[in-house]
Amino acid sequence: MDIQSIRSQFPILAEKIHGKPLVYFDNGATTQKPLSVIQRISDYYSKENANIHRGVHTLSQEATTAYENARNTIQKHIGAKENYEVLFTKGTTDGINLVAFSFGELLNAGDEIIISAMEHHSNIVPWQMLCERKGCKLRVIPMNEKGELELDQFDKLLSDKTKLVAVTHISNSLGTVNDVKYIIEKAHAIGAKVLIDGAQSIQHIQVNVQELDCDFYVFSGHKLFGPTGIGVLYGKEEILNQMPPYQGGGDMIKEVTFEKTTYNVLPHKFEAGTPNIAGGIGLGAAFEFLNSLDMKEVLKHEQELLDYATAELTKIEGIKFYGEAKEKTSVISFLIDGLHPYDVGTLLDKMGIAVRTGHHCTQPIMDQFCIPGTIRASFALYNTKEEIDVFIAALNRIIPMLKD
Amino acid sequence: MSIKEKEQEIIDEFALYDDWMDKYEYIIELGKDLPLIEAQYKTKDRLIKGCQSQVWLHADCKDNKMKFSADSDAIITKGIIALLIRVVNDESPADVATSEFKFIKEIGLQEHLSPTRSNGLVSMVKDMKLNALKAVK
């Protein structure tokens, strides 16, 4: 894989921050966008803009075709059986809220939902709201000191009361890759459905929803080189058809009278209102960018970055890593003895290096480790070993400044 | 020295540094000289919890002069608090309540006072002013 040629497709990587070349290690928060995605969005607004699914005029039909083609591209990439099982959302959070509401309507008091100790707040709070609304109970799969789920405890949590298991594929704070295949099999064995939070997955690994056999899979466009404000909820047709709509409005109806409204078919039933058309088309372009890569090569490169950065960071006195799972992707969370993440992050920024500091929207994880937050470097396919060298040199300059 | 004069003094001090790292080296030094909050005041009700860093603030008023002491778990936050306190300490409550801390922008540190930064500093400035308002006679 030619990293320099990939880098040249991302204009922002040539930017300078405070006069220093940008080193972007905050890919877990959002990834940068390749020219093809930027150009696609610009082209849409320059040449194709119209509302979709409605007009008989040429532009409307072209826009509709482009939007639906994007859906097809995504369907093929994630291996969904039908294109209408791919629902456009605002992002991961929106997708989870949709399921928590609509699938939640099928649940009854006393039903149980299982999540894990390493979930993002987005995969905790919607379920808590559902539990309050419906009188359901939330159970949590515990996590060990290395940041791995205790799956034997998961087995014990499963019962005939379990209706849904919602877990993250890859942890945004710790980088842990969960054995979702095992979780899905076990949950299905007792008749529960499974939602996988894939916000941190598709940009790193090839995902096939039919092979996984998950019932729902959610992700955001902006974390996989696409635009913000667009994401996908994949759901199995049979379950989506059982679920009532989430929001009412245009596009999601078949017939409206003041007495009774009937709902449209999938995917429109869950896509009320004029959608984020440019976002959907831009996301299609992001998937085409992913399709142009060999994902095995991407994973290999990112694994090398992770191993190299881990080895170099280990040389720093007083460093402690959070998340040392056996199966791990390109996220490194750490603290340096006596140094506050806010101070480290502020100084790194002045040297052109973007990392994330704080609790990463996973406060329960921080509580378990009894820390206020971490410094997180998260890599993407365009990062290099040279950038890691810059990062390590910067840390070595910062540490004596901050230590008494 | 008036609040304005003290602000100008800080602006002049920071004008000496053209490199960011030198600037922050100085802020870190200032953080070490912050009038530290006494342990007895480091209580939950004086804690301002930010997403990124935490701040404790104690305010007092004697002879119509405000006295602040504070602490933070992050040293850069501490340094910025030291600057803020240096400007308003020993000033009248009325002057503190109307102080706008514009010098922070002049020395290029406004990002630390941005509400989205969530380091506790925005709330701390608000608390400083509220305490001053309470003390206005």
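Residues numbered from 1 in each chain as written. Chains lettered and ligands numbered in written order. Predicted model: local features only at pLDDT ≥ 70, side-chain atom pairs only at ≥ 80, totals over all residues. Heavy atoms only, no water.

Attention now moves to the overall build of chain B. When helices and strands are tallied, chain B shows 6 helices and 3 strands. Against the 2.2 N^0.38 benchmark of 14 Å for 137 residues, chain B shows a C-alpha radius of gyration of 14 Å, consistent with a compact globule. Seen through its C-alpha atoms, chain B measures out along the principal axes to roughly 40 × 30 × 25 Å. A buried classification covers 50% of the 137 residues belonging to chain B. Long-range contacts, defined here as pairs at least 24 residues apart, represent 64% of the contacts in chain B between residues at least 6 apart. Approximately 7000 Å² of chain B is accessible, and the part contributed by carbon and sulfur atoms is 49%. Of the charged side chains in chain B, 20 are positive and 24 negative; the average position of the first set lies 7 Å away from that of the second. (Helix = DSSP H or I, 4+ residues; strand = E, 2+ residues; numbered from the N terminus. Rg over C-alpha atoms; globule rule 2.2 N^0.38 Å. Buried < 20%, exposed > 50% of the residue type's maximum accessible area, 1.4 Å probe, protein only. Contact = heavy atoms within 4.5 Å. Areas by Shrake-Rupley, 256 points an atom, 1.4 Å probe, with all protein chains shown as cover. Lys, Arg positive; Asp, Glu negative; His and termini not counted. Charge placed at Lys NZ, Arg CZ, Asp CG, Glu CD.)

Right, let's get into the pattern of salt bridges. All names here are of chain A. Throughout the structure, instances matching the rule amount to 23 salt bridges over all chains. The partner of R71 in a salt bridge is E271, and the shortest N-O contact between them spans 2.9 Å. You can see R71 sitting in helix α3 (residues 58-78) and its partner E271 sitting in the loop between β12 (261-263) and α10 (277-291), a full 200 residues away along the chain. Residue class for R71 comes out buried when judged on its relative accessible area of 0%. Classification of E271 by relative accessible area gives buried; the value is 5%. (Salt bridge = Lys/Arg side-chain N within 4 Å of Asp/Glu carboxyl O.)

This brings us to the sheet that holds strand β4 (residues 86-89) of chain A. Sheet strands associate in pairs through backbone hydrogen bonding, adopting either a parallel or an antiparallel arrangement. All names here are of chain A. Spatial ordering of the open sheet is given by β4-β10-β9-β8-β7-β5-β6, a layout of 7 strands whose pairing is mixed. With partners counted over all chains shown, the strands left at the sheet margins are β4 and β6 (137-141), one partner each. On average, adjacent strands in this sheet sit at an angle of 20° to one another, irrespective of strand direction. Of the strand pairs in this sheet, strand β9 (residues 216-220) and strand β10 (residues 231-235) are connected by 5 bridges, and their pairing is antiparallel. When the bridges of β10 are listed, V218 appears paired with L233. Together, β4, β8 (193-197), β9 and β10 form the strand contacts of helix α4 (residues 92-102), whose direction differs from that of β9 by roughly 150°. (Pairing = 2+ DSSP bridges. Axes fitted to C-alpha atoms, helices over the stretch in contact; angles between N-to-C directions.)

Below, the discussion takes up the sheet that holds strand β3 (residues 65-72) of chain B. Residues and elements named next belong to chain B. Pairing in this open sheet of 3 strands is antiparallel, and the strands run β1-β2-β3 from one edge to the other. Lying at the two open borders of the sheet, with one neighbouring strand each, are β1 (47-49) and β3. For this sheet, the mean angle separating the axes of adjacent strands, direction not counted, is 25°. The pairing of strand β2 (residues 54-62) with β3 spans 8 bridges and is classified as antiparallel. Looking at β3, one finds that H58 is bridged to S69. Contacting β2 and β3, helix α3 (residues 75-88) runs over the sheet at an angle of about 175° to β3. Contacting β1, β2 and β3, helix α6 (residues 121-135) runs over the sheet at an angle of about 15° to β2.

For the rest of this paragraph, the subject is α6(B). Each α-helix turn comprises 3.6 residues. Residues three or four places apart therefore point the same way. All names here are of chain B. For α6, which comprises 15 residues, the first-to-last C-alpha distance of 21 Å matches the rise-based estimate of 21 Å (1.5 Å per residue) to within 8%. Within α6 the residues assigned to the buried category are L121, M124, V125, M128, A132 and A135. For α6, the arc enclosing every buried residue in end-on projection is 100°, short of the 170-degree limit, so these residues lie on one face. Exposed residues lying more than 90 degrees from the buried face of α6 are K126, L133 and K134. Against the buried residues of α6 lie β1, β2, β3, α3 and α4 (93-97). (Expected span 1.5 Å × (residues − 1). Arc of directions from axis to C-beta.)

We now examine a nonpolar patch on the surface. Residue and element names in this part refer to chain B. Where nonpolar side chains cluster on the molecular surface, the patch consists of L130, L133 and V136 and spans about 260 Å² of accessible area. With respect to the helices and strands, L130 occurs in helix α6. Given the relative accessible area of 42%, L130 is considered partly exposed. (Patch = residues over 30% accessible without salt bridge, like charges linked within 9 Å, V, L, I, M, F, W, Y side chains within 5 Å.)

Here we come to the pairing of strand β11 (residues 253-256) of chain A. Alignment of β11(A) against β12(A), held across 3 bridges, turns out to be antiparallel. Looking at β12(A), one finds that A:E255 is bridged to A:T262.

Take the domain arrangement of chain A next. All names here are of chain A. Entries for chain A in the domain assignment read domain 1 (3-25 + 294-403) and domain 2 (37-291). Summarising the inter-unit geometry, the C-alpha centres of domain 1 and domain 2 are found 29 Å apart. Residue-level contacts link 33 residues of domain 1 with 29 residues of domain 2. Across the domain 1 to domain 2 interface the summed buried area is about 2500 Å²; carbon plus sulfur atoms make up 61%. In terms of surface lost to domain 2, no three residues of domain 1 exceed M295, I365 and Q368, which account for 23% of the buried area on that side. Taken together, domain 1 and domain 2 are joined by 14 residue pairs in polar contact (both at pLDDT 80 or more). Elements with a minimum of two residues in the side of domain 1 that touches domain 2: α11 (295-314), β14 (331-336) and α13 (363-369). By residue number, the principal contributor to the side of domain 1 that touches domain 2 is α13, which donates 6 residues. Tallied by class, the residues present in the side of domain 1 that touches domain 2 amount to 17 nonpolar, 10 polar and 6 charged. (Domains from an automatic or database assignment. Buried area = accessible area lost by both parts, 1.4 Å probe. Polar contact = N/O pair within 3.5 Å; in protein donor to acceptor, adjacent residues only side chain to side chain. Nonpolar A, V, L, I, M, F, W, Y, C, P; charged D, E, K, R; others polar.)

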